[in-house]
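Tertiary structure, described
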Amino acid sequence: MSQPLYQQIITSLLNEIDTGRLQPGDQVPSEKELTDQFQVSRITAKKALDLLAEEGVIVRIRGKGSYVNVSGVPNDEEVEGRNGKETGRSDRLIGAIFPSYTDGYGLLLQYAVEKTVAELGGSLIIKRSNHSVGEEEAAIDTLLGLQVDGIIVFPTDSREYNQRLLKMILDEFPVVVVDRNLKGIQACTVHTDNKTAAYKLAAYLLETGHKHIAFISPDPNRTSTLEDRLAGFQQAFLASGTRLCSDYLITDFPSGYSCRSIDNNSAEYTLIKKLLEEHPQITAFVCAEYEIAIFLYKLLESIGLRVPEDCSIVCFDCPDDPYDHLNRPRFTHIRQYEEKMGRRAVELLYSQIDNREVPKLTLLGFEYKEGRST
């Protein structure tokens, strides 16, 4: 019976050491070199080196490489003296990439990742992609260059696939994707059940008597999150037997939009104002993002329409309002379990690093919260 691939690498390296071709203190081939030499995945090469380190045969020094343990030294004291400080095996170095943050969503997710990594004795490096696939790829290259043990990625786009991300997944490098589902790619992902959540919002409005409901979102073709929210909205109409007017679907609103004041000359203002003028019968709005709800609220206010007296607004991820004495948020909304998502992502990543099997999809629930906008 043939040996597992990682065991073949171990056997080869042990033979190199036994025959003296690798002397105590010599650097052993890197994960990349072993991957090319044995035609295996990066995670297989990493597993072989990790097992040799656990047995004390080699010493792994972050940022420097792996070295044959010096005879008579229980750890890496002599190697460390020549090559720099070694990070203990219990101190995992984790990378995380986030697109950016908004008032409504993202910060609690990052805090949960930071907190969980710290609780597990690890260290965390955070990079920003600023909603750019190019910057996201550069961030991955930087983190891999720092020899992180695994990466958590909040992709900026789940349609225009990041080639670096795809290669990591195909190479079985420890990766967890959060808040996205990469269509057709077998990646370990953690995200909210957005389709059911959007269905819940639309169904609530339909049940309370609204028939003319608009849906406002950035382009759903850019991310699975927005695609699922649009699908859930449409399914609610189908289930209720209510006709959905396609003219009520605005799906080209800027993503991550942030408004401090209403600009009557902006494209966003013109877009929504035209919708209201052409369809004055609309009485409710489902906003795919919190920032869109804020913009819409200010626009309605500027033209003399009141919320919720004249129009209702529901959205995703509205922060609590500390100034409301009844502790009601501004908008009726779906609140995602950001902290649970962050913690679960770290747990899944550590399981991959330890060569344990993990589920490809972890679908999280959500909380429906009544606000002052309905």
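Computed from a predicted structure; not experimentally measured.

Cut-offs used in this document
Residues numbered from 1 in each chain as written. Predicted model: local features only at pLDDT ≥ 70, side-chain atom pairs only at ≥ 80, totals over all residues. Heavy atoms only, no water. Helix = DSSP H or I, 4+ residues; strand = E, 2+ residues; numbered from the N terminus. Buried < 20%, exposed > 50% of the residue type's maximum accessible area, 1.4 Å probe, protein only. Contact = heavy atoms within 4.5 Å. Areas by Shrake-Rupley, 256 points an atom, 1.4 Å probe, with all protein chains shown as cover. Salt bridge = Lys/Arg side-chain N within 4 Å of Asp/Glu carboxyl O. Core = buried A, V, L, I, M, F, W, Y, C linked by side-chain atoms within 4.5 Å. Pairing = 2+ DSSP bridges. Axes fitted to C-alpha atoms, helices over the stretch in contact; angles between N-to-C directions. Phe/Tyr/Trp six-rings, centres within 6.5 Å; stacked < 30°, edge-to-face > 60°. Patch = residues over 30% accessible without salt bridge, like charges linked within 9 Å, V, L, I, M, F, W, Y side chains within 5 Å. pLDDT = per-residue confidence, 0-100.

1. Overview of the overall build of the protein chain
Scanning the protein chain for helices and strands turns up 12 helices and 14 strands. Residues classed as buried in the protein chain amount to 49% of the 374 residues present. Contacts in the protein chain between residues at least 24 apart in sequence constitute 71% of all its contacts with a sequence separation of at least 6. Of the roughly 17,600 Å² that the protein chain leaves accessible, carbon and sulfur atoms contribute 47%.

2. With respect to the pattern of salt bridges
For the coordinates displayed, the defined rule picks out 18 salt bridges. For R343, the salt bridge identified is with E119, shortest N-O distance 2.7 Å. Of this pair, R343 sits in helix 12 (residues 338–353) while E119 sits in helix 5 (residues 107–119); the two residues are 224 residues apart in sequence, bridging distant segments of the chain. Accessibility expressed as a relative area gives 47% for E119, which makes it partly exposed. Ionic pairing is found between R180 and D179, a salt bridge with its closest N-O pair at 2.7 Å. D179 carries the same exposure label as R180, and that label is buried.

3. Side note on the nonpolar core
Ranked by size, the top nonpolar core spans 27 residues in total, and within it I272, F285 and I313 carry the most contacts. When contributions to this core are tallied by element, the ones reaching two or more residues are strand 8 (213–216), helix 10 (267–278), strand 10 (284–287), helix 11 (290–302) and strand 11 (312–316). Of all the elements, helix 11 adds the most residues to this core, at eight residues. Filtering out sequence-adjacent residues up to four positions away, F285 remains in contact with L205, I213, A214, I216, L275, L276, L296, L300, C311, S312, I313 and V314.

4. A short note on the sheet that holds strand 11
Consider a sheet: its strands pair through backbone hydrogen bonds, and that pairing is either parallel or antiparallel. Strand order in this open sheet of six strands is 9-8-10-11-12-14, and the pairing throughout is mixed. Each edge of the open sheet is held by one strand with a lone partner, namely strand 9 (249–250) and strand 14 (366–369). Bridge count between strand 8 and strand 10: four bridges; the pairing is parallel. Within strand 10, the position partnered with I216 by the bridge is C287. Contacting strand 8, strand 10 and strand 11, helix 11 runs over the sheet at an angle of about 160° to strand 11.

5. Quick word on the packing of aromatic side chains
Counted by the stated rule, this structure contains seven aromatic pairs. Taking 6.2 Å as the distance between ring centres and 70° as the angle between the ring planes, the aromatic pair formed by Y290 and F331 counts as edge-to-face. Residue Y290 is located in helix 11, and its partner F331 is located in the loop between strand 11 and strand 12 (332–336); the two are separated by 41 residues in the primary sequence. The same class applies to Y290 as to F331, namely buried. Here Y297 and F331 contribute two aromatic rings whose centre-to-centre distance is 6.1 Å and whose plane-to-plane angle is 80°, an arrangement assigned as edge-to-face.

6. Quick word on a nonpolar patch on the surface
A surface patch of nonpolar side chains, amounting to about 280 Å² of accessible area, comprises L107, L108 and Y111. Residue class for Y111 comes out partly exposed when judged on its relative accessible area of 46%.

7. Here's the deal with the confidence of the model for the protein chain
Detailed reading of the predicted coordinates is not advisable wherever pLDDT falls low. In this model, the protein chain carries an average pLDDT of 87, and 89% of its residues clear a pLDDT of 70 or more. This model gives residues 72–89 a pLDDT under 50, and the stretch forms 29 contacts once residues within four places in sequence are excluded.

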